[in-house]
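Survey of secondary and tertiary structure
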Amino acid sequence: MKIAQDKPLDPTYTVILFYKYAPIAALEECMKWQRELGNLLSLTGRVRLAEEGINATLEGKNENIETYITELKKFPGFENIQIKKSVGTGFAFQKLQVKIVPEVVKLGLGADDIDPNITTGVHLQPEELKELYDKNEDFVVIDMRNDYEFRVGHFKNSINPPITNFREIADVLPDIIKENPGIQKKKVITVCTGGIRCEKASGYLMQQGFEDVYQLDGGMHMYMEKFPGQDFRGGLFTFDNRVVMDFTKNREVIGKCDLCNSATERFDNCINDECHIHMVVCQDCRDANKFIFCSDECKETGRLGKVRFRDMELV
């Protein structure tokens with residue numbers, strides 16, 4: 001596996017990605033437990049807790065991560081939690097953050113929110129998706145990630161909504177239907193990094209009249225582990241300081257610099273304090289520009305600010 005930005009891999013560190021929709025009654029106690037356990041094991045990363053469940057990405061020494069996983073699975077409802085692992089750097093996160101939030105992934109549907117324990121797409125195993133690709137079956141893949149994630153890596157022949165935040169899915173769905181006649185009656189497979197966004201996104205499609213909806217179990221992460229370099233073009237965006245990762249040594253770089261259009265997987269942010277949109281910017285353009293702006297408007301009217309990848313929202 002290759003990391004495309006910043007620190008080199010360190011095989012003594014592991015990054016884990018996991019989620020679980022399971023009711024948490026005592027949120028404050030759970031938050032305190034997670035914070036104390038993480039600090040005891042010198043873990044860094046983000047843990048998001050809500051009444052509906054948990055969503056987290058953590059890094060630590062291999063032995064400490066294994067201890068954490070053992071303790072995590074003792075919590076009622078988390079016994080069978082699926083853990084995605086990758087090699088860390090020791091610098092994937094700056095600190096440990098444990099927070100209580102309204103939703104583990106914000107879809108923002110309010111009273112119409114989706115409960116994945118009741119309504120969600122059929123879980124499709126990576127092997128089953130691989131077979132669909134190999135047999136050239138008639139199916140549609142909808143990428144439920146943000147546009148900047150899609151730009152550096154995605155499944156071949158997949159739909160990019162596009163969105164800048166997961167909660168925009170409801171706004172762009174009418175356009176997806178309009179631009180893809182008959183899609184509501186086709187086999188539709190939702191995909192995202194680790195699977196969590198698809199739990200609600202697939203349920204939302206079902207709620208909106210889609211008849212044959214699936215979600216990739218374990219997300220892109222698990223598919224790339226099992227079938228590295230196959231059917232997925234480019235690298236996988238991560239919400240940590242590694243930024244982009246992959247599971248193959250030689251692959252196509254599909255990201256294009258917003259400033260010069262050269263091939264790159266390097267990310268930056270518009271320095272405008274009122275914008276901070278995530279941009280794909282090559283190292284040459286980064287070196288040649290003191291400040292990076294996404295547009296002339298931001299350059300002329302914006303306030304300067306400082307953006308760090310560790311401040312990005314976990315989704």
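Our subject in this report is the structure included herewith. (Residues numbered from 1 in each chain as written. Predicted model: local features only at pLDDT ≥ 70, side-chain atom pairs only at ≥ 80, totals over all residues. Heavy atoms only, no water.)

For helix α7 (residues 219–226), the tally of buried residues reaches six of eight residues, placing the bulk of the element in the interior. Burial in α7 covers these residues: Gly 219, Met 220, His 221, Met 222, Tyr 223 and Met 224. (Buried < 20%, exposed > 50% of the residue type's maximum accessible area, 1.4 Å probe, protein only. Helix = DSSP H or I, 4+ residues; strand = E, 2+ residues; numbered from the N terminus.)

As a further point, take the nonpolar core. In terms of nonpolar packing, the biggest core is built from 28 residues, with Ile 142, Met 144, Ile 183 and Leu 205 touching the most fellow members. Once you skip the residues sitting within four places of it in the chain, Ile 142 turns out to touch Ile 159, Ile 176, Ile 183, Val 188, Ile 189, Thr 190, Val 191 and Leu 205. Formed by 25 residues, the second largest nonpolar core is a distinct cluster that contains Ile 16, Ile 24, Leu 37 and Tyr 68. (Core = buried A, V, L, I, M, F, W, Y, C linked by side-chain atoms within 4.5 Å. Contact = heavy atoms within 4.5 Å.)

Looking now at the pairing of strand β4 (residues 53–61). Across the nine residues of β4, eight count as buried, placing the element largely inside the fold. As paired elements, strand β2 (residues 10–21) and β4 share nine bridges and run antiparallel to each other. Note that in β4 the partner of Phe 18 across the bridge is Ala 56. Where strand β3 (residues 44–50) and β4 come together, seven bridges link them in antiparallel fashion. Bridge pairing in β4 links Arg 48 to Asn 55. Here β3 folds back onto β4 in antiparallel fashion, the turn holding two residues. (Pairing = 2+ DSSP bridges.)

Enumeration according to the criterion identifies twelve aromatic pairs in this entry. Measuring from centroid to centroid gives 5.1 Å for Tyr 133 and Phe 139, while their planes differ by 80°, and the two rings are edge-to-face. A single burial state applies to Tyr 133 and to Phe 139, both of which are buried. Ring centres of Tyr 148 and Phe 267 lie 6.3 Å apart, and the angle between their planes is 75°; on these two criteria the pair is classed as edge-to-face. A residue pair is termed long-range when its members are at least 10 positions apart, and Tyr 148 in helix α4 (residues 147–152) and Phe 267 in strand β16 (residues 267–269) qualify at 119 residues. Taken together, the aromatic side chains of Tyr 133, Phe 139, Phe 155, Tyr 223, Phe 227 and Phe 232 make up a single cluster linked through ring pairs. (Phe/Tyr/Trp six-rings, centres within 6.5 Å; stacked < 30°, edge-to-face > 60°.)

Here we come to the sheet that holds strand β8 (residues 140–143). Pairing in this open sheet of five strands is parallel, and the strands run β7-β12-β11-β8-β10 from one edge to the other. Edge positions in the sheet fall to β7 (122–124) and β10 (158–159), since each of these pairs with one other strand and no more. Pairing of β7 with strand β12 (residues 212–216), which is carried by three bridges, proceeds in the parallel orientation. Counted as the bridge partner of His 123 is Gln 215 from β12. Lying over the sheet, helix α6 (residues 196–207) contacts β7, β8, β11 (187–191) and β12, oriented at roughly 175° with respect to β12. (Axes fitted to C-alpha atoms, helices over the stretch in contact; angles between N-to-C directions.)

Quick look at the packing of helix α1 (residues 27–40) against helix α2 (residues 62–72) now. Interaxial distance between α1 and α2 falls to 10 Å at its minimum, and their mutual angle equals 160°. Here α1 lies roughly antiparallel to α2, going by the angle between them. Note that α1 runs across α2; the crossing there is right-handed. When α1 is examined against α2, the residues Trp 33, Gln 34 and Leu 37 are found in contact with a partner set consisting of Tyr 68, Glu 71 and Leu 72. Looking at the contact of α1 with α2, its residues break down into four nonpolar, one polar and one charged. (Parallel < 35°, antiparallel > 145°, perpendicular 65-115°, else oblique. Left-handed = near helix turned anticlockwise from the far one by under 90°. Nonpolar A, V, L, I, M, F, W, Y, C, P; charged D, E, K, R; others polar.)

All of the buried residues along helix α3 (residues 126–134) are Pro 126, Leu 129, Lys 130, Leu 132 and Tyr 133. The arc that holds the buried residues of α3, viewed along the axis, is 160°, so those residues lie on one side. Positive phi appears at Asn 136, one or two residues downstream of α3, with a value of about 55°. (Arc of directions from axis to C-beta.)

This part is about the environment of Leu 40. Relative to the helices and strands, Leu 40 resides in helix α1. As for Leu 40 and Asp 273, which are separated by 233 residues in sequence, their C-alpha atoms are 36 Å apart.

This brings us to the sheet that holds strand β5 (residues 83–88). The strand order across the open sheet built from five strands is β5-β2-β4-β3-β6, with neighbouring strands paired in mixed fashion. What marks the edges here is a single partner per strand, and that holds for β5 and β6 (96–100). Direction aside, the axes of adjacent strands within the sheet are offset by 15° on average. The sheet contacts of α6 involve β2 and β4, and relative to β2 the element is tilted by about 25°.

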